[in-house]
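# Residue-level structure breakdown
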Amino acid sequence: MKKLLLSAAAFILAANVYAAEFPTITIDDLKTAMATKKVVLLDANGTESWQKGHIPGAIDFTANKENLSTVLPGDKDVLVVAYCGNPQCPAYRQAAAAAKKLGYKNIKHLTAGIMGWKDAGEKMEPAPASKT
């Protein structure tokens, strides 16, 4: 029982560390940033999900993680917003950490995720049609 409680406490502590490292951004604040075109979105839901629909302009992190430095802007102060499925989804962390490792300083987490974006009735963007 003691080990279980210690494990739970460690998990909660780790989650809080990530939460402090990557502050949250609301849907409304993200929409404001998108209107000024001063934000880069990293969708960490996986390529299949990204292809079905993502927040307009979002980069498919899974497909681009090996060459992320080439798809992100040179300005390391730009707002980078990472998101995944919903508030319980931890996948955004990998995208946020990758941006941080590249030197980006203003990284936030859209806690609502793609489900919250959809539930708020916001516009979705499907993957571009392939040119075959």
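Heads up: the structure comes first, above all this text.
Calculation rules
- The residue numbering used here restarts from 1 in each chain and proceeds along that chain's sequence as written.
- Selection of residues for local features in this predicted model requires a pLDDT of at least 70, selection of side-chain atom pairs for listing and counting requires 80 or more, and totals for whole chains, interfaces and linings are taken over all residues.
- As a rule here, side-chain values cover all heavy atoms of the structure and leave hydrogens and water aside.
- Here a strand pair is declared whenever DSSP counts at least two bridges between the two strands.
- By definition, any uninterrupted DSSP run of H or I lasting at least four residues is a helix, any uninterrupted run of E lasting at least two residues is a strand, and each is numbered from the N terminus.
- Should any heavy atoms of two residues lie within 4.5 Å, those residues are considered in contact.
- With axes taken as lines fitted to C-alpha atoms, and helix axes fitted only over the stretch in contact, angles between N-to-C directions fall between 0 and 180 degrees.
- Take a side-chain nitrogen of Lys or Arg and a carboxyl oxygen of Asp or Glu: if they are within 4 Å of each other, that pair is a salt bridge.
- Each residue's exposure class comes from its accessible area (1.4 Å probe, protein chains only) as a fraction of the maximum for that residue type: buried when under 20%, exposed when over 50%, partly exposed otherwise.
- Clockwise travel from the first strand over the helix to the second, with the strands pointing away from the viewer, marks a crossover as right-handed.
- To obtain the arc, one takes the directions from the helix axis to the C-beta atoms.
- By nonpolar core is meant a set of buried Ala, Val, Leu, Ile, Met, Phe, Trp, Tyr and Cys residues that side-chain atoms within 4.5 Å join together.

Before going further, it helps to examine the sheet that holds strand 4 (residues 106–109). Spatial strand order, 2-1-3-4: 4 strands in an open sheet with parallel pairing. A strand with exactly one partner marks an edge of an open sheet, and here the two such strands are strand 2 (59–60) and strand 4. Against the sheet, helix 2 (residues 27–35) contacts strand 1 (39–43) and strand 3 (79–83), and its axis sits at roughly 125° relative to strand 1. Relative to strand 3, helix 6 (residues 92–101) is tilted by about 155°, and along the sheet it contacts strand 1, strand 3 and strand 4.

Another point: the pattern of salt bridges. Per the counting criterion, the structure on display carries 4 salt bridges. Between Lys31 and Glu122 there is a salt bridge, with its nearest N and O atoms 3.0 Å apart. Of the two residues, Lys31 sits in helix 2 while Glu122 sits in the segment after helix 7 (113–119), which places them 91 residues apart along the sequence. By relative accessible area, Lys31 is classed as partly exposed at 34%.

Positioned with a positive phi, Lys37 is a non-glycine residue whose angle comes to about 55°. Among the structural elements, Lys37 can be located in the loop between helix 2 and strand 1. A relative accessible area of 73% places Lys37 in the exposed class.

This part takes up the pairing of strand 3. Strand 3 sits mainly inside the fold: 5 of its 5 residues count as buried. Burial of the side chains of strand 3 extends over both faces: Leu79, Val81 and Tyr83 are buried on one face and Val80 and Ala82 on the other. With 5 bridges joining them, strand 1 and strand 3 adopt parallel strand pairing. Along strand 3, the bridge assignment pairs Leu41 with Val81. Chirality of the crossover, the property in question, places the unit of strand 3, helix 6 and strand 4 among those that are right-handed.

For the α-helix, the turn length of 3.6 residues means that residues three or four positions removed from each other point alike. Burial in helix 2 covers these residues: Ile27, Leu30 and Ala33. Relative to the axis of helix 2, the buried residues are bounded by an arc of 120° and lie together on one face. Facing away from the buried side of helix 2 by more than 90 degrees, the exposed set consists of Asp28, Thr32 and Ala35. Within two residues after helix 2, Lys37 carries a phi angle of roughly 55°, on the positive side.

Before going further, it helps to spend a moment on the nonpolar core. Across soluble globular proteins, you tend to see nonpolar side chains buried next to one another. Membership of the largest hydrophobic core comes to 19 residues, with the highest contact counts inside it found for Leu42, Leu72, Val80, Tyr104 and Ile107. Secondary structure elements with two or more residues in this core: strand 1, strand 3 and helix 6. Counting residues per element, this core draws most heavily on helix 6, at 4 residues. For Val80, the residues in contact, after removing those within four places along its chain, are Val40, Leu42, Ala99, Tyr104, Asn106, Ile107 and Lys108. Grouped together as the second largest cluster of nonpolar side chains are 15 residues, Ile25, Leu30, Val39 and Ile114 included.

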